[in-house]
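Tertiary structure, described
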Amino acid sequence: MLLVLFHPFGRSCRIHLFVATLFAPLLHYSLGDTVGETGQLLEPAQVVSWGEGGELATRIPSHWLQFRKPVGTVCLTGDDRIGKSTLLTLWARSLTRAEGFGFSIGHKRTSHTQGLWSAVLPAEATGLDYHLNLCDSQGLKQLAEKEQWRLFSANVLIPSVVVYLVINVVQNDQLRDLARMAHQFQQLSTDELGAFGRLLSPHLVVVIREESDLDGEQQQDGRDLSWHLEEALSGPAFAEDKKLIRQVFQTREAWSLHELPLEARRALRDPTTASSLLGPEDGGHKEVVPGGEGWRASGQAVLQRVLVILNGKQGEFPQGGPELSEWYKSVVKTVNSLEQRSMGRLIGHTERLAVWQQRRNFLSEWRRPVFLVLLGLALLLMLGGWLGKWLDRAAWCTWIVVCVCYVGTSPLVTVPLNSVVPTSCEGVTAATNNPLLRLACREASTQTAAFLLAMILGVLSYPMLTAQLRWLLGRFPLPSWLRQSCSGFGLAGVIAVLGLIQDEGLGIVVGDSAWSFATPTILALAAALAGAELVLKLRHNRNCVRASEKGLGLHFYIAAPSEEGQAL
């Protein structure tokens, strides 16, 4: 933006550039104003739907791109008409204390939820350190075979925690069905399965709805039934299917969910009584619908267990809404593909994302020290002289590093699964064993491009911005050494505001405020004025060139007939 506004003609362009420098941070925030930072709750939305030919299609809500903190995802899946949406509604209201919030609940034999629905609960509303994405899946058993494969794979690949809901006991036929729906994971080699376990395998929580009083056991809130799950997975029947499940879900556990009595299920159809069953504990309801106390308490106990698991996986979360959106798209492309290498490609993509996350953490740790170095150099620029020139060059190099750190830690930089370079490199590297070529292809990504652009921006912007700031400070009666130092402090101030907005999400500009519209308007006006001035200057220069060529032609015409004139 700043480079576009600058041109070397006239002085008013410097004013336009200064205006752009002041308002660019506000534009950055107004475009990235986050719903989550204000704690506003939005109703669940369908994020994955069915398209042509039984393929899945993403329908990412626009407000997802505005989330800036990490986003943890938990998906709840299982058979049809088993209470998935009802349990998720209980969890959402327990976390947010919002009575009217919830997933749509069906009361017919056919599937009510279609595809995948999600509700991202802002961290400010839940009190968690991250945004929580609650994902509600369509029932698996009423779908065609390929649709089952795709939807089940999406439920496994998208979240950090998968909650699978069953009734009474974990049956062998349910395990067999799980293995059959995990068809796409059978394509993985042993090495790829190992990489999948390290990078992508979600934690499985089997929730067993207790519809019967089995063996006279006393029901307890949040009873741990992991022993029952492991016992079912270790039996001799369907050994290969059970082995596949253990490979896909390398960490797993099981918990009980009390029965929801008939009276309570009927109460769910009435919005008034449903709020008593699903509403927050401090929502003003002194009583819960009769018979629903055990179900509610056990459901909240499972939620607490899920949160404990998510807290241990925070380092693996997408670092904001843009990354979460890109991950959904990558998963949907993978599960829709019929290629043999589609799942392996996603695992390789995840490995690159893990490396990128390590680099981003490194840049995040060093961003503050580098910024302090820039401030120190700006202070030392007061010395002036030959030492000031060398300090200015050191500040230039530091500014380049600051730009790389800022861009490298931005949540807006994402990596698509099937970008042009990795797709082309896949065929090239398959035909050669050149390690340098493989390394180059592995590093060819949007993050690498962002680093290079940040370096170019730092190289070009430092002399341009410091020159403009010194010109502006020159309008005031200040000594030259102070103007040079203040220009460095000005750059540090700009990057400090941008970093503060990116890290803390300060409410400088809200999405529906006047600033949200004024900021891009002022920038557009500055760009228009600078562009108009540039056009006028170019037109003036062209007229001067034409006049010069005409005068030069007349000179040769006049001087040509006379030898004395030619000599002159």
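Everything in this summary refers to the structure shown in the same document.

Thresholds, definitions, all that
- Residues numbered from 1 in each chain as written.
- Predicted model: local features only at pLDDT ≥ 70, side-chain atom pairs only at ≥ 80, totals over all residues.
- Heavy atoms only, no water.
- Buried < 20%, exposed > 50% of the residue type's maximum accessible area, 1.4 Å probe, protein only.
- Helix = DSSP H or I, 4+ residues; strand = E, 2+ residues; numbered from the N terminus.
- Pairing = 2+ DSSP bridges.
- Polar contact = N/O pair within 3.5 Å; in protein donor to acceptor, adjacent residues only side chain to side chain.
- Contact = heavy atoms within 4.5 Å.
- Axes fitted to C-alpha atoms, helices over the stretch in contact; angles between N-to-C directions.
- Core = buried A, V, L, I, M, F, W, Y, C linked by side-chain atoms within 4.5 Å.
- Parallel < 35°, antiparallel > 145°, perpendicular 65-115°, else oblique.
- Left-handed = near helix turned anticlockwise from the far one by under 90°.
- Nonpolar A, V, L, I, M, F, W, Y, C, P; charged D, E, K, R; others polar.
- Patch = residues over 30% accessible without salt bridge, like charges linked within 9 Å, V, L, I, M, F, W, Y side chains within 5 Å.
- Areas by Shrake-Rupley, 256 points an atom, 1.4 Å probe, with all protein chains shown as cover.
- Salt bridge = Lys/Arg side-chain N within 4 Å of Asp/Glu carboxyl O.
- Arc of directions from axis to C-beta.
- Phe/Tyr/Trp six-rings, centres within 6.5 Å; stacked < 30°, edge-to-face > 60°.

Most of strand β3 (residues 71-78) sits out of view: eight of its eight residues are buried. Residues V71, T73, C75 and T77 of β3 are buried on one face, and the alternating residues G72, V74, L76 and G78, pointing to the opposite face, are buried as well. Relative to strand β5 (residues 131-137), β3 runs parallel, the two sharing six bridges. Counterpart to T73 in the pairing with β5 is N133. The sheet contact formed by β3 and strand β6 (residues 161-167) spans five bridges and is parallel. Within the sheet, the bridge partner assigned to C75 lies in β6 and is V162.

We now examine the environment of R81. Assignment of secondary structure puts R81 in the loop between β3 and α4 (84-96). By relative accessible area, R81 is classed as partly exposed at 36%. C-alpha of R81 to C-alpha of Q138: the two residues are 57 residues apart in sequence and 9.5 Å apart in space.

Before going further, it helps to spend a moment on the side chain of S226. Here S226 is to be found in helix α9 (residues 226-233). A distance of 2.7 Å separates the side chain of S226 from the side chain of D224, its partner in a polar contact. Ignoring any residue separated from it by four or fewer positions in sequence, one finds S226 in contact with E253 and A254.

A word on the sheet that holds strand β7 (residues 203-210). The strands making up a sheet are joined through hydrogen bonds of the backbone, oriented either antiparallel or parallel. Judged by pairing direction, the sheet is mixed, and its eight strands sit side by side in the order β2-β1-β4-β5-β3-β6-β7-β8 without closing on themselves. In this open sheet, the two edge strands, each paired with only one partner strand, are β2 (56-58) and β8 (252-258). In this sheet, neighbouring strand axes are inclined to one another by 25° on average, regardless of whether the strands run parallel or antiparallel. Of the pairings in the sheet, the one linking β6 to β7 comprises seven bridges and is parallel in character. In the strand pairing of β7, V161 is matched with H203. Running at roughly 160° to β8, helix α13 (residues 293-311) makes contact with β3, β5, β6, β7 and β8 of the sheet.

Counting 54 residues, the largest nonpolar core has L157, F185 and F196 as its most contacted members. The element that contributes the greatest number of residues to this core is helix α14 (residues 321-336), accounting for six residues. Core analysis: the next-biggest nonpolar cluster, separate from the first, contains 34 residues, F101, L132, L134 and V302 among them.

Attention now moves to the packing of helix α15 (residues 342-380) against helix α16 (residues 385-408). Put simply, α15 and α16 touch, their axes get as near as 8 Å, and they point 150° apart. Between α15 and α16, the angle falls in the class roughly antiparallel. For α15 against α16, the interelement crossing comes out left-handed. Counted together, W356, R360, L363, R367, V370, F371, V373, L374, L377 and L380 of α15 and L391, A394, A395, T398, W399, V401, V402, V404, C405, Y406 and G408 of α16 form the full contact between these two elements. Residue composition of the contact of α15 with α16, by class: 17 nonpolar, two polar and two charged.

In this section: a nonpolar patch on the surface. Taken together, the side chains of L380, L383, W386, L387 and W390 make up a nonpolar region of the molecular surface, amounting to roughly 600 Å² of accessible area. The element best represented in the nonpolar patch is α16, accounting for three residues. Mapped onto the elements, W386 comes out in helix α16. Overall, the relative accessible area of 65% leaves W386 in the exposed class.

As a further point, take helix α10 (residues 239-248). Turning to α10, its buried residues number three or more, namely K242, L244, I245 and V248. On an axial view of α10, the arc spanned by its buried residues comes to 155°, and they lie on one face. Tucked inside the fold, the buried residues of α10 contact α6 (145-157), α7 (172-181), α8 (190-199) and α9.

Looking now at the pattern of salt bridges. Applying the stated rule across the entire model yields six salt bridges. The salt bridge involving E316 is made with K313; its shortest N-O contact spans 3.7 Å.

A word on the packing of aromatic side chains. If you walk through the whole model with that rule in mind, you get six aromatic pairs. Pairing W64 with Y328 gives two aromatic rings, centres 5.2 Å apart and planes at 70°, and the pair type is edge-to-face. Of this pair, W64 sits in the loop between β2 and β3 while Y328 sits in helix α14, placing them 264 residues apart in sequence. Take Y328: its relative accessible area is 0%, and that puts it in the buried class. When the ring of W396 is compared with that of Y462, the centres are 6.0 Å apart and the planes differ by 15°; the resulting orientation is stacked. Residue W396 is found in helix α16, and its partner Y462 is found in helix α19 (residues 446-473); the two are separated by 66 residues along the sequence. Judged by relative accessible area, Y462 falls into the buried class, the value being 3%.

Close contact between α8 and α15 brings their axes to 10 Å; oriented N to C, the two are set at 45°. For the element pair α8 / α15, the angle class is oblique. Note that α8 runs across α15; the crossing there is left-handed. Note on element contacts: α15 touches α8 through G344, I347, T350, E351 and A354, opposite E192, A195, F196, R198 and L199. Here the contact of α8 with α15 is composed, by residue class, of five nonpolar, two polar and three charged.

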